[in-house]
Amino acid sequence: MIETLLRDLAPIALVAVMRRFGDFSAAEDAVQEALLAAAMQWPREGVPESPRGWLIQVAARRCTDHLRAELARRRREAIVMTPPDEQIVVPEGNTEHDDTLLLLFMCCHPALTRASAIALTLRAVGGLTTAEIANAFLVPEATMAQRISRAKQRIKASGVPFAMPDGRERAERLGAVLHVLYLIFNEGYTSSSGDSLHRTDLSHEAIRLTRAVREILPDAAEVMGLLALMLLTDARRPARTGPDGELIPLDEQDRGLWNRDAIAEGIALVTDALPRGAVGPYQVQAAIAAVHDEAPTVGDTDWPQIVGLYGLLERMSDNPMVTLNHAIARAMVEGPAAGLQMLDALAPRLPAHHRLHAVRAHLLEMRGDRDGALAEYRAAARKTASVPEQRYLLTRAARLTPAADVPASGRTSA
């Protein structure tokens, strides 16, 4: 409960401290210290009456302490003389909605590259760790840590004020904002590490923020497409895990457990978005999700339509994960050999990713190559940090080999 509360309050506190001090890096460090203090004190002493105000005030004092050592003497003296209770004025009422949107658009800063803006926003707004962000970008953790650090430095050096951008600037930053929300949702829907398959706090936050973006840009087709994609995907979540948290693949799910209200809303959104002009990648992904969700059974899935949609998506986006999913769809239409041929061409782009091994294992199993599938399932299990995915992969491997030869279930070395 406290962990969720702190995650929700972190971007709000960051906005407030940045407004006062104008330094992203210093404000984030101060907020992280305040969050640590809260995590230690609140379970023992109780949650304060105004947890938001408590975090903001503590972070402001920490920021003041840091700046004392760095600023010139006159600035330092001015800060020291500021009474602690006046360092930050905590606004009355509920400002979380506006503050989080402000931080979302501010992190997608014009001084940053698209990749750096997305990484910084995932850290500041989404609450993802550097390792989780690195996994989303398919880069080493050290590389991502440097990218985030440089992004903060560029924002500080740019001199661009911390404020909600105007209409033109919002449009320019929208692509990065949507990509951030997409990655936050993905991490929530399939956590890259840990004991749980889902992080519903992240996926729900991504949906909430996308709805908020749609409120200020109601006619943006790609915003509608992204929201539709999230709803159509999240609708399957109740059927994705079993009683013990085990992963249940799409073709084995009880479709009666899917959230039909979310599916109806998602289909209505993508139906409304597609005729509005140029079709973007989120609309196409939403259309693919709708084809899956509309099929009453696995056998009723319109795989040729999905193949066509993935072909269109590949022409829009040079994303290896799109090609990976396209390979699965082609295998369902043309047979496993067609999918495996696509994977061979894709291998140099995803040399260390567990999903490449997992998909190859599935297609080899479809083709009847038990030994090849077994090796690939085991390779995929070694390379994922997600316990539910690892257990699922080892379970698939166990079906292909005598029990005595199956590796122990649970975590394996990466």
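Residues numbered from 1 in each chain as written. Predicted model: local features only at pLDDT ≥ 70, side-chain atom pairs only at ≥ 80, totals over all residues. Heavy atoms only, no water.

Student: Tell me what's going on with the side chain of T233, and back it up with residues and numbers.
Tutor: One can find T233 in helix 11 (residues 221-234). For T233, a relative accessible area of 12% corresponds to the buried category. There is a polar contact of 2.7 Å between the side chain of T233 and the backbone oxygen of L229. For T233, the residues in contact, after removing those within four places along its chain, are F185, Y189 and A289. (Helix = DSSP H or I, 4+ residues; strand = E, 2+ residues; numbered from the N terminus. Buried < 20%, exposed > 50% of the residue type's maximum accessible area, 1.4 Å probe, protein only. Polar contact = N/O pair within 3.5 Å; in protein donor to acceptor, adjacent residues only side chain to side chain. Contact = heavy atoms within 4.5 Å.)

Student: How would you explain a nonpolar patch on the surface if you had to name every residue and give the values?
Tutor: On the surface, L274, V279, L312 and M316 cluster together into a nonpolar patch covering about 260 Å² of accessible area. With respect to the helices, strands and loops of the structure, V279 is situated in the loop between helix 12 (260-273) and helix 13 (281-294). (Patch = residues over 30% accessible without salt bridge, like charges linked within 9 Å, V, L, I, M, F, W, Y side chains within 5 Å. Areas by Shrake-Rupley, 256 points an atom, 1.4 Å probe, with all protein chains shown as cover. Salt bridge = Lys/Arg side-chain N within 4 Å of Asp/Glu carboxyl O.)

Student: Can you tell me about the packing of helix 13 against helix 14 (residues 303-316), naming the residues and giving the values?
Tutor: Packing of helix 13 against helix 14 brings their axes to within 10 Å, and their N-to-C directions diverge by 165 degrees. Relative to helix 14, the element helix 13 is oriented roughly antiparallel. In this structure, helix 13 meets helix 14 at a crossing whose hand is left-handed. Every residue of helix 14 that contacts helix 13 at P281, V284, Q285, A287, I288, V291 and H292 is listed here: W303, Q305, I306, L309, Y310, L312, L313 and M316. By residue class, the composition of the contact of helix 13 with helix 14 is 12 nonpolar, 3 polar and no charged. (Axes fitted to C-alpha atoms, helices over the stretch in contact; angles between N-to-C directions. Parallel < 35°, antiparallel > 145°, perpendicular 65-115°, else oblique. Left-handed = near helix turned anticlockwise from the far one by under 90°. Nonpolar A, V, L, I, M, F, W, Y, C, P; charged D, E, K, R; others polar.)

Student: Go over the nonpolar core, please, and point to the residues and values.
Tutor: Counting residues in hydrophobic clusters, the biggest one holds 90 residues, and the most contacted among them are F24, L55, L122 and V213. Setting aside residues up to four positions removed in sequence, V213 forms contacts with L101, L104, F105, L174, V177, L181 and V223. Core analysis: the second largest hydrophobic core is formed by 24 residues, M342, L343, A361 and L363 among them. (Core = buried A, V, L, I, M, F, W, Y, C linked by side-chain atoms within 4.5 Å.)

Student: Any chance you could break down the packing of aromatic side chains for me, citing the residues and the numbers?
Tutor: Under the definition given, this model contains 3 aromatic pairs. Both rings, one in W42 and one in W54, keep their centres 5.3 Å apart while their planes meet at 70 degrees; by these two values the pair is edge-to-face. Placement of W42 in helix 2 (residues 24-45) and of W54 in helix 3 (residues 51-68) is noted, with a sequence separation of 12 residues between them. The class of W42 is buried, set by a relative accessible area of 3%. With relative accessibility at 21%, the residue W54 sits in the partly exposed group. Between the aromatic rings of F185 and Y189, the centroid separation amounts to 5.8 Å while the plane-to-plane angle is 10 degrees, which identifies the pairing as stacked. Here Y189 and F185 lie together in helix 9 (residues 167-189), a separation of 4 residues that amounts to about one turn. (Phe/Tyr/Trp six-rings, centres within 6.5 Å; stacked < 30°, edge-to-face > 60°.)

Student: With reference to specific residues and values, describe the state of the cysteines.
Tutor: Within this structure, the stated rule accounts for 0 disulfides. C107 takes part in no disulfide bond, and the closest cysteine sulfur, belonging to C108, lies 6.8 Å away. Given a relative accessible area of 4%, C108 falls into the buried group. (Disulfide = S-S within 2.5 Å.)

Student: If you had to explain the environment of R114 to someone new, which residues and values would you point to?
Tutor: With respect to the element layout, R114 can be found in helix 6 (residues 114-124). Sequence separation between R114 and G175 is 61 residues, and the spatial gap between their C-alpha atoms is 8.6 Å. In contact with R114, other than residues within four places in its own chain, are G175 and A176.

Student: Can you break down the confidence of the model for the protein residue by residue, with the values?
Tutor: The pLDDT averaged across the protein works out to 83; a share of 87% of its residues lies at or above 70. Contacts for the low-pLDDT stretch residues 72-95, under 50 throughout, to residues beyond four places or in other chains number 30 contacts. When the criterion is pLDDT under 50, residues 406-414 qualifies, and its contacts beyond four places in sequence or with other chains add up to 20 contacts. (pLDDT = per-residue confidence, 0-100.)

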